[in-house]
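Now for the letters of each chain:
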Amino acid sequence: QVQLVESGGGLVQPGGSLRLSCAASGNIGTLYDMGWYRQAPGKQREPVATITREGTTNYAEPVKGRFTISRDNAKNAVYLQMNSLKPEDTAVYYCNTDVRLRFMTTRLTSWGQGTQVTVSS
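Because the structure is a prediction, the values reported are computed rather than measured.

A. Geometry of the state of the cysteines. What the rule picks out here adds up to one disulfide. The disulfide bridge from C22 ends at C95, spanning 2.0 Å between sulfur atoms. Here the S-S torsion is close to 45°, and the disulfide linking C22 with C95 is therefore right-handed. Pair noted here: C22 is in strand 3 (residues 18–26) and C95 is in strand 9 (residues 91–101), with a separation of 73 residues, a long-range link.

B. Local environment of the packing of aromatic side chains. Per the stated rule, a full pass over the model turns up one aromatic pair. Across from the ring centre of W111, 4.9 Å away, lies the NZ or CZ of R45, which sits over that ring. Geometry around Y32 places R107 over its ring, the cationic atom sitting 3.6 Å from the centre.

C. Just the pattern of salt bridges, in detail. Evaluated as defined, the whole model comprises four salt bridges. With its nearest N and O atoms 2.9 Å apart, the salt bridge here joins R38 to E46. Assessed through its relative accessible area of 35%, E46 is described here as partly exposed. Across the salt bridge formed by K64 and E61, the nearest N and O atoms sit 3.2 Å from each other. Here the residues in one salt-bridge network are R38, E46, R66 and D89, joined through shared partners.

D. Just the nonpolar core, in detail. By size, the foremost hydrophobic cluster in this structure holds 29 residues, and its most contacted members are W36, L80, M82 and Y93. Those elements giving two or more residues to this core turn out to be strand 1 (2–7), strand 3, strand 4 (28–39), strand 5 (46–51), strand 7 (67–72), strand 8 (77–82), strand 9 and strand 11 (115–119). In terms of residue count, strand 9 provides more of this core than any other element does, five residues in total. Those residues within four positions of L80 in sequence are excluded, and the remaining contacts are L18, R19, L20, W36, V48, A49, F67, T68, I69 and Y93.

E. Broad picture of the pairing of strand 8. Summarising burial for strand 8: five of the six residues are buried, a large majority. Sheet topology places strand 3 next to strand 8; six bridges connect them, and they run antiparallel. By the bridge assignment for strand 8, C22 is matched with V78. Linking strand 7 to strand 8, which pair antiparallel, is a turn of four residues; within it N76 sits at a positive phi near 55°.

Parameters at a glance
- Residues numbered from 1 in each chain as written.
- Predicted model: local features only at pLDDT ≥ 70, side-chain atom pairs only at ≥ 80, totals over all residues.
- Heavy atoms only, no water.
- Disulfide = S-S within 2.5 Å.
- Helix = DSSP H or I, 4+ residues; strand = E, 2+ residues; numbered from the N terminus.
- Phe/Tyr/Trp six-rings, centres within 6.5 Å; stacked < 30°, edge-to-face > 60°.
- Lys NZ or Arg CZ within 6 Å of the ring centre and 35° of its normal.
- Salt bridge = Lys/Arg side-chain N within 4 Å of Asp/Glu carboxyl O.
- Buried < 20%, exposed > 50% of the residue type's maximum accessible area, 1.4 Å probe, protein only.
- Core = buried A, V, L, I, M, F, W, Y, C linked by side-chain atoms within 4.5 Å.
- Contact = heavy atoms within 4.5 Å.
- Pairing = 2+ DSSP bridges.

Shown next, in the form of structure tokens:
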């Protein structure tokens with residue numbers, strides 16, 4: 001019903017920056033909380049940052065002060081600006097949204113396909 005398309009991942013040196021983008025499409029009524037999650041090899045998927053429709057943000061402790069999440073409700077998009085990247089930030093990053101479909105009341109959760117971020121010299 002709803003698809004999330006990500007872009008912006010890649011290879012960067014320690015201390016560098018990347019900006020991830022994720023746009024939602026499909027039978028969208030209203031997008032509620034949106035966020036970014038990541039999963040490193042051999043590790044569980046963990047939340048990185050979330051943002052409400054009104055703009056309230058929440059960050060995981062390891063990325064506070066370095067990452068910034070934002071959204072554009074008119075474009076059905078969410079972004080993650082990543083600065084001062086460290087090797088331990090290397091992971092597959094996934095975007096996520098809670099969504100109410102058009103003409104329906106039930107809320108669903110949708111996930112992106114994931115994009116690789118590698119921080120290495």
